[in-house]
Amino acid sequence: MHGLGVGWTVRRITISTEAAVGSEDRADPAARISLGVSFQYRILPADS
């Protein structure tokens, strides 16, 4: 599968999306589409 993703971060919140197109198995040539959304909240500050 081949995909593309993008994310957006503001302070401690990150929202990202991803889309992928392709076949999961070489024996099965039918293309499939996968979409995903992720929401993350960082509790502790990142180390400098």
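Residues numbered from 1 in each chain as written. Predicted model: local features only at pLDDT ≥ 70, side-chain atom pairs only at ≥ 80, totals over all residues. Heavy atoms only, no water.

Visitor: Describe the overall build of the protein chain, listing the residues and the values that go with them.
Guide: Counting its regular elements, the protein chain contains 0 helices and 3 strands. Along the chain direction, N to C, the helices and strands of the protein chain fall in the order β-β-β. The buried share among the 48 residues of the protein chain stands at 6%. Counted over contacts in the protein chain with a minimum sequence separation of 6, partners at least 24 positions apart contribute 27%. (Helix = DSSP H or I, 4+ residues; strand = E, 2+ residues; numbered from the N terminus. Buried < 20%, exposed > 50% of the residue type's maximum accessible area, 1.4 Å probe, protein only. Contact = heavy atoms within 4.5 Å.)

Visitor: Residues and numbers for the environment of Ala-31, please.
Guide: In this fold, Ala-31 is placed in the loop between β2 (13-22) and β3 (32-41). Separated by 10 residues in sequence, Ala-31 and Val-21 have C-alpha atoms that sit 6.6 Å apart.

Visitor: So what about unusual backbone geometry? Which residues, and what values?
Guide: One non-glycine residue, Arg-11, adopts positive backbone phi at about 55°. Take Arg-11: its relative accessible area is 76%, and that puts it in the exposed class.

Visitor: Which residues make up the pairing of β3, and what values do they have?
Guide: The buried fraction of β3 is low, at 0 of 10 residues. Inspection of the sheet shows β2 paired to β3 by 10 bridges, in the antiparallel sense. What sits directly across from Ala-19, in β3, is Leu-35. (Pairing = 2+ DSSP bridges.)

Visitor: Please set out the pairing of β2 residue by residue, giving values where relevant.
Guide: If a strand is regular, its side chains alternate between the two faces of the sheet. Bridge count between strand β1 (residues 2-10) and β2: 9 bridges; the pairing is antiparallel. Bridge pairing in β2 links His-2 to Val-21. The antiparallel hairpin formed by β1 and β2 contains 2 residues in its connecting segment, where Arg-11 sits at a positive phi of about 55°.

Visitor: Kindly report on a nonpolar patch on the surface, identifying the contributing residues and their values.
Guide: Nonpolar side chains collect at one region of the surface, where Trp-8, Val-10, Ile-13, Ile-15, Val-37, Phe-39, Tyr-41, Ile-43 and Leu-44 lie side by side and expose about 1000 Å² of accessible area between them. Sorting the residues of the nonpolar patch by element identifies β1, β2 and β3 as the ones contributing at least two each. The element that contributes the greatest number of residues to the nonpolar patch is β3, accounting for 3 residues. Within the secondary structure layout, Phe-39 lies in strand β3. (Patch = residues over 30% accessible without salt bridge, like charges linked within 9 Å, V, L, I, M, F, W, Y side chains within 5 Å. Areas by Shrake-Rupley, 256 points an atom, 1.4 Å probe, with all protein chains shown as cover. Salt bridge = Lys/Arg side-chain N within 4 Å of Asp/Glu carboxyl O.)

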